[in-house]
Amino acid sequence: QVQLVESGGGLVQPGGSLRLSCAASGNIFSYYVMGWYRQAPGKQRELVATIPSAGRTNYADSVTGRFTISRDRVKNMVYLQMNSLKPEDTAVYYCNLDDYSGPTKRSYWGQGTQVTVSS
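Note that the structure is predicted; figures quoted are calculated from it, not measured.

Novice: Requested: an account of the side chain of Arg 66, with residues and values cited.
Specialist: With respect to the helices and strands, the residue Arg 66 is situated in the loop between strand 6 (58–59) and strand 7 (67–72). A polar side-chain atom of Arg 66 sits 2.9 Å from the main-chain carbonyl oxygen of Ser 84.

Novice: Explain the environment of Leu 18 to me, using residue names and the numbers behind them.
Specialist: Mapped onto the elements of the fold, Leu 18 is located in strand 3 (residues 18–26). Spatially, the C-alpha atoms of Leu 18 and Arg 38 are 14 Å apart, while their sequence positions differ by 20 residues. Those residues within four positions of Leu 18 in sequence are excluded, and the remaining contacts are Gly 8, Gly 9, Gly 10, Val 12, Leu 80, Gln 81, Met 82, Leu 85 and Val 115.

Novice: Before we move on, could you go through the pattern of salt bridges and cite the residues and values that matter?
Specialist: Side chains that differ in sign of charge can pair as their charged atoms come close. Scanning all chains against the criterion turns up 4 salt bridges. Its salt-bridge partner being Glu 46, residue Arg 38 comes within 2.7 Å of it at the nearest N-O pair. Given the relative accessible area of 6%, Arg 38 is considered buried. Note on Glu 46: relative accessible area 36%, which makes it partly exposed. Note that Asp 99 and Arg 106 form a salt bridge whose closest N and O atoms lie 3.0 Å from each other. Since its relative accessible area comes to 2%, Asp 99 is described here as buried. It is possible to trace a salt-bridge network through shared partners that takes in Arg 38, Glu 46, Arg 66 and Asp 89.

What counts and how
Residues numbered from 1 in each chain as written. Predicted model: local features only at pLDDT ≥ 70, side-chain atom pairs only at ≥ 80, totals over all residues. Heavy atoms only, no water. Helix = DSSP H or I, 4+ residues; strand = E, 2+ residues; numbered from the N terminus. Polar contact = N/O pair within 3.5 Å; in protein donor to acceptor, adjacent residues only side chain to side chain. Contact = heavy atoms within 4.5 Å. Salt bridge = Lys/Arg side-chain N within 4 Å of Asp/Glu carboxyl O. Buried < 20%, exposed > 50% of the residue type's maximum accessible area, 1.4 Å probe, protein only.

Below is the structure:
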């Protein structure tokens, strides 16, 4: 079992920055992908960025060039640096871990953290 806990959300003005953090604990094996998703009111949850245990990062077109995902392997942390925030970035942001170590993929989610971009 894996537990994910997000932090770092809040209210920020357009053009501002926020850094989200996700602490992962539990049975984290060797081959996995961690990522950030978001869900705005009335919309489906959408991918923001992912970072695999080995390989390249991936970003949604809407955040490319503004957001950066990174990881601290020792601390089992993943971060999302969000710059040049826009009102349309307002959403609940969820940390995700997809574990591909076993015969089937297992997905884990955090509880979510609210990001509000407003003047």
